[in-house]
Amino acid sequence: MKSSNPFALWRWEKMFGEWQMFGEGFLRTIEVAALALILAVVLGVIFGVISTSNNKVMRGIARVYVEFFQNTPLVIQVFFMYNGLAIAGLRLSVFAIGVLGVGIYHGAYVSEVVKTGITSISVGQVEAAKSQGFTYIQYMRYVILPQTIKIILPPLTNQAVNLIKNTSVLAMISGFDLMYMADSWASSSLDYGPSYVFAGLLYFMLCFPLATWARKYEERLKRNDIARVPFDPSEEAVTC
Amino acid sequence: MLDVFNNVFTPSNVQFMAKGMALTLTLSVSVVIISIIFGTILALLRTYEKRFLGRLAGVYIEVFRNTPLLLWVLVCCFMIPYGSIVMRGGLALALYTSAVLAEIVRGGLNSIAEGQFEAAKSQGFTLIQTLTFIVLPQCFKRIIPSLLSQVITTIKDTSFLQVVAIPEYTRSGFVVMGRYTTTPEVFMIFSVLALGYFVVCFSLSCLVRSYQKRTETAS
């Protein structure tokens, strides 16, 4: 008789017989995460730069974007794209919803990271660049942003980790991502144990190296005293 | 427009969603309290205990920080045979949030100078006394902004519990939505949902900002 232990060996064997399912989900998660990350960084840089500009209207727009997406749950945003827009006649594929939903949501967080990075660079540099005839775009591009990158890499990487984890929201709208595949395998075969452990392991494999790299890099920055920002625990917040 | 409003905001709908909001808030508060306690223990172990327990705390933190919340919600709700679904969902959220809070507390602990331990020891404080009277109060004062922003995140994270049909705010909204089919009605319910979270979370984030400004001007 087969053991009824939720982690019994035969359950694992059965699951690994269906490994392609998990492989597909894993690939889908990576694709969605990669595209969403690109979108988040693009939006984050645009809105981050805008939010440090002198133009009140521009700052206002960036503020509204950040506050709206940071203060409402991703689940509702994704379901709005999935159900709400569909009822209004705009049907997006679940893949597109994943990239747009997660990308726009995390763009708001990246924008805050970029903003902190920019404001940590002294005003003197802007004045110096201006005195040399740099335009706004030029000094952002050649003076401010290159320096910012170093400072913001650790928090940005943490955002990437959160973004990967949040792509799992796709499972709620049958997005064929890793979480969805694991959950549907679990509920069809009733082998919850191996399925969740395996999915967890795959997510861990994606996130752990990134998170560890971010921590090491940040420690090195602090040691080398390159981090210009004085210690502020609020920046270590790993909110998502 | 007024029709839509009257259609959606029936007394029973409003009451149902208000109940959902109440559950969301109760869940968030309980999860935050449990997670602060458990997270602090984890952070203390990881920072000051370099042997078995410290390593174990490290493994716990890394595992929960590098896997999605949804996974833990499903694990707790489908694999734990005890307790109500709300308790199991809350447990998943607390396990996950503890790991995040542990890292925030650790950031605060690391910012406290080692000399303080020696000073306390020279005054005859035991380790526990040093931690409760000297180290932790300073640590928490420094991490208040990050703590509050994690509270905001936790409130938003409770919406993941809708997947296991826990009737918190998001779920209650979706249940109500199931009865409406026209675009304006559905959009209005989505707006009510978003607005509910926004009001709670935005007021908290304003609190964070005003606290930060006050401490900045004070120092």
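Criteria and thresholds
Residue indices begin from 1 for each chain and proceed along its sequence in written order. Chains carry letters from A onward and ligands carry numbers from 1 onward, assigned in written order. Only residues with pLDDT of at least 70 get local features here, since the model is predicted, and only at 80 or more are side-chain atom pairs given and counted; chain-wide, interface and lining totals rely on the full set of residues. Here a nonpolar core is just a set of buried residues of the types Ala, Val, Leu, Ile, Met, Phe, Trp, Tyr and Cys, joined wherever their C-beta atoms sit within 7 Å. Counting other C-beta atoms within 10 Å of each residue's C-beta, where C-beta atoms are placed from the backbone, gives the exposure class: buried for 20 or more, exposed for 12 or fewer, partly exposed between. Strands are runs of DSSP state E lasting at least two residues, helices are runs of H or I lasting at least four, and both sets are numbered from the N terminus onward. Residues are defined as contacting one another if the C-beta atoms placed from their backbone atoms lie within 7 Å. Each residue receives one of three labels: charged for Asp, Glu, Lys and Arg, nonpolar for Ala, Val, Leu, Ile, Met, Phe, Trp, Tyr, Cys and Pro, and polar for the others, Gly being one of them.

Asks: For this particular structure, what's the right way to read the nonpolar core?
Replies: Within soluble globular proteins, side chains that are nonpolar tend to cluster in buried spots. The biggest cluster of nonpolar side chains holds 123 residues, and the ones touching the most others in it are A:Ala182, B:Leu70 and B:Val73. Ranked by residue count, the leading element in this core is helix α2 (residues 19–50) of chain A, at 14 residues. Excluding residues that lie within four positions of it along the chain, B:Leu70 makes contacts with A:Ser168, A:Val169, A:Ala171, A:Met179, B:Phe160 and B:Val163.

Asks: Would you mind going over unusual backbone geometry with me for this structure?
Replies: Glycine aside, residues mostly have negative phi, and peptide bonds are mostly found in the trans state. At A:Phe176, a residue that is not glycine, the phi angle is positive and equals roughly 55°. Tracing the backbone shows A:Phe176 in the loop between α7 (136–166) and α8 (178–189). Residue A:Phe176 is classed as buried on the basis of its 21 C-beta neighbours within 10 Å. In the Ramachandran plot, B:Ala165 falls in the positive-phi region, its phi being about 65° despite a non-glycine side chain. Inspection of the secondary structure puts B:Ala165 in the loop between α7 (127–157) and α8 (169–177). B:Ala165 gets classed as partly exposed once you count the C-beta atoms within 10 Å, which come to 13.

Asks: Explain the interface of chain A and chain B to me, please; I cannot follow it from the model alone.
Replies: Quoted interface sizes are often the accessible area lost when the parts come together. In this complex, chain A contributes 38 residues to the contact, which on the side of chain B involves 43 residues. Among the secondary structure elements, those contributing two or more residues to the side of chain A that touches chain B are α4 (74–87), α7, α8 and α9 (192–223) of chain A. Considered class by class, the residues forming the side of chain A that touches chain B number 25 nonpolar, 9 polar and 4 charged.

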